[in-house]
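# An overview of the molecular structure
Single-letter residue listing:
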Protein chains: 2
Amino acid sequence: VTDEGLIAHTIAEIAEPSKAAEIRAWERLDSLTKPPGSLGLLEEVAARVATLQDAVRPSVPRKAIVLMAADHGVTDENVSPYPREVTAQMVANFVAGGAAINQLARHVGATLTLIDIGVGTPVPASDGVIEARIADGTANMARGPAMTREQAARAVRIGIEAARALADDGVDLIGTGEMGIGNTTSAAAVTSVLAGVEPKRVVGPGTGLDEAGVRHKAFIVKRAIERNSPDASDALDVLAKVGGFEIAGLAGVVIGAAAAGVPVVADGYISGAATLAALRMAPGVAPWVFASHRSAEPGHGIVLEALGLVPVLDLDMRLGEGTGAALAMGIIDAACVMMSGMATFAEAGVTDREQTG
Amino acid sequence: VTDEGLIAHTIAEIAEPSKAAEIRAWERLDSLTKPPGSLGLLEEVAARVATLQDAVRPSVPRKAIVLMAADHGVTDENVSPYPREVTAQMVANFVAGGAAINQLARHVGATLTLIDIGVGTPVPASDGVIEARIADGTANMARGPAMTREQAARAVRIGIEAARALADDGVDLIGTGEMGIGNTTSAAAVTSVLAGVEPKRVVGPGTGLDEAGVRHKAFIVKRAIERNSPDASDALDVLAKVGGFEIAGLAGVVIGAAAAGVPVVADGYISGAATLAALRMAPGVAPWVFASHRSAEPGHGIVLEALGLVPVLDLDMRLGEGTGAALAMGIIDAACVMMSGMATFAEAGVTDREQTG
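As the structure is a prediction and not an experimental result, all values here were calculated from the model. (Residues numbered from 1 in each chain as written. Chains lettered and ligands numbered in written order. Predicted model: local features only at pLDDT ≥ 70, side-chain atom pairs only at ≥ 80, totals over all residues. Heavy atoms only, no water.)

## What about the sheet that holds strand 1 (residues 63-70) of chain A?
Sheet strands line up and pair through hydrogen bonds in the backbone, either parallel or antiparallel. Residue and element names in this part refer to chain A. Strands sit in the order 3-2-1-4-5-6 across an open sheet of six strands; the sheet is parallel. Sheet topology places strand 3 (129-131) and strand 6 (289-291) at the edges, where each strand pairs with a single neighbour. Here the strands of the sheet are splayed against their neighbours by 30° on average, with no regard to which way each runs. Of the strand pairs in this sheet, strand 4 (residues 173-179) and strand 5 (residues 264-266) are connected by two bridges, and their pairing is parallel. Bridged to Gly175 within strand 5 is Val265. Sheet strands touched by helix 14 (residues 323-341): strand 1, strand 4, strand 5 and strand 6. Its angle to strand 4, the strand with the most contacts, is close to 165°. (Pairing = 2+ DSSP bridges. Helix = DSSP H or I, 4+ residues; strand = E, 2+ residues; numbered from the N terminus. Axes fitted to C-alpha atoms, helices over the stretch in contact; angles between N-to-C directions. Contact = heavy atoms within 4.5 Å.)

## Re the packing of aromatic side chains
Under the defined criterion, the tally for this structure stands at zero aromatic pairs over all chains. Here the basic side chain of Arg48(A) rests over the ring of Phe290(A), its NZ or CZ set 4.0 Å away from the ring centre. (Phe/Tyr/Trp six-rings, centres within 6.5 Å; stacked < 30°, edge-to-face > 60°. Lys NZ or Arg CZ within 6 Å of the ring centre and 35° of its normal.)

## Comments concerning the nonpolar core
When a protein is soluble and globular, its nonpolar side chains tend to lie buried together. One finds Ile174(A) and Ile174(B) to be the most contacted residues of the largest nonpolar core, which totals 282 residues. Every residue in contact with Ile174(B), bar those within four places of it in the chain, is listed here: Ala64(B), Val66(B), Ala163(B), Leu166(B), Val253(B), Ala257(B), Val262(B), Pro263(B), Val264(B), Val265(B) and Met329(B). (Core = buried A, V, L, I, M, F, W, Y, C linked by side-chain atoms within 4.5 Å. Buried < 20%, exposed > 50% of the residue type's maximum accessible area, 1.4 Å probe, protein only.)

## Some details on the relation of the copies chain B and chain A
Here chain B sits on chain A after a turn of 180° about the axis and a move of 0.0 Å along it, with an RMSD of 0.0 Å. Considering both components of the superposition, the chain copies are consistent with a two-fold axis. Distance from the rotation axis, computed per C-alpha, reaches its smallest value in chain B at Leu313(B): 3.3 Å. Mapped onto chain A, 100% of the interface residues of chain B are again interface residues, and the two copies thus contact each other with one and the same surface. (Least-squares fit on C-alpha atoms with pLDDT ≥ 70 in both.)

No statement about biological role is implied by the geometric values presented.
The structure is reproduced here in structure tokens:
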């Protein structure tokens, strides 16, 4: 089976959540010892996991974050204040346990699956990194397509298979994360095309550009789109022409998780662009995806709107790596623990307001 | 020593955080392997705990929530859809472990200290409840003062001593929580007087009033303030005339925690009103307080503004009990874990942007 064939087959497997399970979830939530709806978004989150798991006592004890790393040829255009070597250096930092995501994943009890899907400079060989390198970084999209359609499909397949392997291991909740110097530029290009908005509306400072840097970056995104003319109705074409290996890979993680019946938590802007591509390829992923947080990167608001998702957190974060996903997984876990552990009005002998007029 | 004397003595003990510690905290955060500031509010939180602990590796392993329960005479005016018996019933539910706060406190590793500071109907005797009942609920503030000044001072002292006992046990972070049918009405009255805003701006649906119910509640708050003429410049007078035993008690918890050098996390609207009273009695508490979340109860925004605090979470919650405090304590813990566990650019061998121009 070709990579595109496997993608199509996987998309066809995505199930629609049960309406009956959703009704049972809300009946249960409304019977618990609290005024109905008084836990707000926490109840919405619990109800959604309960629906997806078809269980009134949802739980997500086994959590995993898939962190994909890749480089971007567009860094030749000076779109980041950091050199591309930092991608490989940060992969080594992830392996050593020194990055933000290591601490936050551990804090919420999530494992970290680290995948080199196309880092451009050598990553030290390590048991901690899955080697799935498609190329030494993408080509410079300001001069031609970032990758071929075949490479994009292969990246999506790698993501699908990573999600499937975690689901087979019994993981209940998958988070996305990424590392790739220059990847807010690729995410901006993907978002601009798929959401149909001007590049300047989705370009931000990334890791720390000044105003002139942001203007230059918007110009590069605009040029990349003009040069490559991606077909907005074909998300795989968009990923190939102006995306990144980790962005296409994470689109695959979202599709693979949904197909395996595992809810997935999208991190910030780059993961959001990947999720938007996944949604366009497979509209059925929508109920399976949680938005973790609202990134400080301005384009993320447009991504969230296009996804139709309300994020769990808003902490003004813009790091990536899956740091927002990890924190949100802690809240989703708490929501499940709340719903599964609370007593009902009847069980606790508490007078409900319906009984008293 | 009188209760007011003990309060004054405690307020005098509150220390000012070290400016040098704050500078060291930010230098450390900026040396860690992430673009400066890219973890947003998580960095602000970590820096604040680091400053308060005077440590570049802050940590809050031992967490406790103080949940105070009391009844309100103003429930005679039909300001809540639930009967006052629910306060005692919910205390029994807390003891049995069936409430939302039991699940969320356990989830974040916080203990629960449950104090009956004035429940109006019998609470079953239990090792799980600290008996510190000042009266069988407050008097109806719509007809006269809710309590005497002596009772208010005693409630504040109970809170101070509860916080002090936890600090002596080595607790690193204290959260506030409350239960008391009718207490959004008292919180609204306290907020209206201390923030100097019209009652109708701080009255909301509470546990679920309809529009007519909210209008009636605002009328009752207005009447209580007119009848009792609390002195806005004397927070203890405001607590006595239109407050509640748990609100005065939690003001004491905030003061006691700050005096003991322990950061404190205020839950939602009722805890926020208590924190505002604490701040007016003891301006030095300000750096020691974290706002956990933005409550769906409309008056909470006014409380947060008066406190000058940005909440950690915004989950549209309005339950109380300390549920918002518990979730925020999880995020504060994560912030400390991040700051304490991350490698620096130098340690990880990652190229920082300053080095590359």
